[in-house]
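Chain by chain, the residues run as shown.
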Amino acid sequence: MHLYLQGHDFHFELENVSRLFLPLEKIVTHPDGSSVEETDGLRVIAMMASDPQGAQLLCRVTVDGFDEERTALVADDGEGFRDACELELCTLLYHLLAQWLGFTQTWGLVTGVRPVKLLRRLTREMGAERAVAYMRDKLLVSDGKLALCRNTLAIEDEILSLSRPESFSLYVSIPFCPTRCDYCSFVSQTVVQAKKLIPVYVDQLCREIAYTGEIVRRLGLRLETVYFGGGTPTTLSAEQLTRLLRSVEESFDLSTLREYTVEAGRPDTVTADKLAAIRAAGVGRVSINPQTLQPAVLAGIGRRHTVEQFYDAFDLARKAGFDNINTDLIAGLPGDTYEGFHDTLDGILRLSPESVTVHTLSMKRASNIMLQHRPDYRVQDDAVRMVGLSAEALPQAGYRPYYLYRQSRTVGNQENVGWAKPGCEGLYNVYIMDETHTILACGAGGVSKLKKPNSDYLERIFNYKFPYEYNTGLDEMLARKDAVSAFYEKHGFGDCQNHK
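Residues numbered from 1 in each chain as written. Predicted model: local features only at pLDDT ≥ 70, side-chain atom pairs only at ≥ 80, totals over all residues. Heavy atoms only, no water.

### Focus: empty space enclosed by the protein
Throughout the structure, instances matching the rule amount to one cavity of 30 Å³ or more. As a volume, the largest cavity reaches approximately 40 Å³. If you trace the largest cavity, you find it lined by Arg114, Val116, Lys117, Arg120, Glu156, Leu404, Met433 and Asp434. Among the secondary structure elements, those contributing two or more residues to the lining of the largest cavity are helix H3 (115–126) and helix H15 (427–434). Among the elements that take part in the lining of the largest cavity, H3 stands out by supplying three residues, more than any other. (1 Å grid on protein atoms, 1.4 Å probe; cavity = no way out; pocket = protein on both sides within 12 Å on 5 of 7 lines; lining within 4 Å. Points joined across faces, edges and corners; volume = space filled by probe spheres on them. Helix = DSSP H or I, 4+ residues; strand = E, 2+ residues; numbered from the N terminus.)

### Looking at the side chain of Gln294
Secondary-structure assignment places Gln294 in the loop between strand E11 (285–287) and helix H10 (295–300). Among the residues examined, Gln294 registers a relative accessible area of 17% and is labelled buried. A distance of 3.0 Å separates polar atoms of two side chains, one belonging to Gln294 and the other to Thr344. Those residues within four positions of Gln294 in sequence are excluded, and the remaining contacts are Val307, Asp336, Gly340, Asp343 and Thr344. (Buried < 20%, exposed > 50% of the residue type's maximum accessible area, 1.4 Å probe, protein only. Polar contact = N/O pair within 3.5 Å; in protein donor to acceptor, adjacent residues only side chain to side chain. Contact = heavy atoms within 4.5 Å.)

### A short note on the environment of Thr242
Relative to the helices and strands, Thr242 resides in helix H8 (residues 238–251). A relative accessible area of 24% means that Thr242 is categorised as partly exposed. The sequence separation of Thr242 and Ala276 amounts to 34 residues, and the corresponding C-alpha distance is 9.6 Å.

### Thoughts on the nonpolar core
Formed by 87 residues in total, the largest nonpolar core has its most connected members in Leu170, Leu205, Phe228 and Leu244. In terms of residues, this core owes the most to one element, helix H7 (residues 198–219), which gives nine residues. Discounting chain neighbours no more than four positions away, the residues touching Leu205 are Val172, Ser173, Ile174, Leu244, Cys442, Gly443 and Tyr470. Among the nonpolar cores identified, the runner-up in size contains 33 residues, and Met48, Val63, Leu93 and Ala98 belong to it. (Core = buried A, V, L, I, M, F, W, Y, C linked by side-chain atoms within 4.5 Å.)

### Considering the pairing of strand E12 (residues 325–331)
Extensive coverage of E12 is indicated by the burial of seven of its seven residues. Residues of E12 alternate between two faces, with Ile325, Thr327, Leu329 and Ala331 on one and Asn326, Asp328 and Ile330 on the opposite face, all of them buried. Where E11 meets E12, two bridges bridge the pair, whose relative direction is parallel. Paired with Val286 across the two strands is Ile325, which belongs to E12. (Pairing = 2+ DSSP bridges.)

### A closer look at the sheet that holds strand E1 (residues 2–6)
Taken in spatial order, the five strands make up an open sheet running E2-E1-E3-E4-E5, and their pairing is mixed. Each edge of the open sheet is held by one strand with a lone partner, namely strand E2 (28–30) and strand E5 (66–75). Averaged over all pairs of adjacent strands, the angle between strand axes in this sheet comes to 15°, irrespective of strand direction. (Axes fitted to C-alpha atoms, helices over the stretch in contact; angles between N-to-C directions.)

### Structural notes on the side chain of Asp434
The residue Asp434 is located in helix H15 in this model. Non-local contacts of Asp434, meaning those with residues more than four positions away in its chain, are made with Lys117, Arg120 and Leu160.

### Looking at the packing of H8 against helix H9 (residues 272–280)
Describing two packed helices takes the angle between their axes plus the distance from one axis to the other. One can describe the packing of H8 onto H9 by two numbers: an axis separation of 9 Å at closest approach and a directional angle of 10°. It follows from the interaxial angle that H8 and H9 lie roughly parallel. Counting all contacts with H8, which are made through Ala238, Leu241, Thr242 and Leu245, the residues of H9 involved are Asp273, Lys274, Ala277 and Ile278. Residues of the contact of H8 with H9, tallied by class, amount to five nonpolar, one polar and two charged. (Parallel < 35°, antiparallel > 145°, perpendicular 65-115°, else oblique. Nonpolar A, V, L, I, M, F, W, Y, C, P; charged D, E, K, R; others polar.)

### Observations concerning the packing of aromatic side chains
Counted under the stated rule, the structure contains 16 aromatic pairs. Ring geometry for Tyr403 and Tyr405: centres 5.8 Å apart, planes at 25°, overall stacked. Of the two residues, Tyr403 and Tyr405, both sit in the buried class. Ring centres of Tyr457 and Phe487 lie 6.3 Å apart, and the angle between their planes is 0°; on these two criteria the pair is classed as stacked. With a gap of 30 residues between them, Tyr457 in the loop between strand E17 (447–451) and strand E18 (458–462) and Phe487 in helix H17 (residues 474–490) connect regions that are remote in the sequence. The partly exposed category is assigned to Tyr457, whose relative accessible area is 35%. Here a set of aromatic residues connected by ring pairs shows up, and it is made of Phe21, Tyr94 and Phe103. Here the basic side chain of Arg385 rests over the ring of Tyr338, its NZ or CZ set 3.8 Å away from the ring centre. (Phe/Tyr/Trp six-rings, centres within 6.5 Å; stacked < 30°, edge-to-face > 60°. Lys NZ or Arg CZ within 6 Å of the ring centre and 35° of its normal.)

### Some words on the packing of helix H4 (residues 128–137) against helix H5 (residues 143–160)
It is at 10 Å that the axes of H4 and H5 come closest, and there the two elements cross at 145°. At the point where H4 passes H5, the crossing takes the right-handed sense. Facing Val132, Met135 and Arg136 of H4, the residues of H5 in contact are Asp143, Leu146 and Arg150. The residue inventory of the contact of H4 with H5, partitioned by class, reads three nonpolar, no polar and three charged. (Left-handed = near helix turned anticlockwise from the far one by under 90°.)

Structure follows, in structure tokens:
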């Protein structure tokens, strides 16, 4: 696709709108002043010209015999004029692409990751009714997605109200997996590749946890949630898990803790002794993730476990005393069908987990699906129907949407939603997605996000991505952690106890 800009530099959002319809298309953007050339494939001209009343806008799409344009006049009302022009140009392009391809988007022009956060901001600025009208009429969001967004917002707000200026959450990264799933692009390594790294990694991670705990105690920060993620934390042995969990207990004041989660995402890593070790440490929430209950689909995406192993792992977790279990599903997996997803959802609901997270497959550039298959996802109806089914069936079974986010290049441009029974919402998921308070991350691939209380200001501290780097470079990681103290001292929260 060739995108020609004339009279403006609104390339970022125009490219994003194009990706809503053509997620795998390479976009070549030609800046203002470039001459329009005859090219094969899709050509888009987006023009903005001065007018006595404001600006004349034109968008033209040419491809394979389709050659249409739309125009609009935007009045110059002072502040916000350029933003209004950018939105109108994006709207013209949206309608032309929808006309060419024959479908619209249920999320309309919304391209960001956090639509709930957008609705919250708009509500704060213009009131609830006008915010909803803006998203429906200007951003072209469907009634169904608007209702989902509003319902999620109401429950999120309850969770966000629990956070305080001195609050923070702790993330512990275990970047190892039994095998790599074909849809995954996370920086994680298989046990076969990295087994020899794990003992040293656990040693170094305990050191970083302890050092982070010292910083937290000096600052007087309040721990709200702990989340062990990855990778697959239960790739580690029961003894290694116990050591890390004990390190957290010894390094942090857990008396204020509202939620403690460990991902046991791969059923083939779940054993009774690991679950017993996790439960003994006071962990109350685990996530056991089948992604699908269709054997052929599991095999096709590189999930080297069986459906029976998932059921066994879930049963083991119940027997270990866990009364807050999450399960993850993915809509739009290669080889899956609407009927298959329906069967999977029915199987999950029979287990009655406390929460179900429904993801939509994202075509990530570094995933095996993209590298090996590169399927054409213009045919998206099944994935859209799968997500729609979950949005109907889960509320009927007593689940409420408590967090929602979107990713680029998802099949059917759908969303990821956490559904939970009342009182079983995953608090960490909300805090990390909303960027509510500071998240301190330990381990390879971890990114600490330092949040200035009562503002939207964030600073980030990056750990080394790969375990081998982390194992040899921990001293550098600890030195970077000193920025946490500097951040709070700079912004006047050196002693957060004063703000309780």
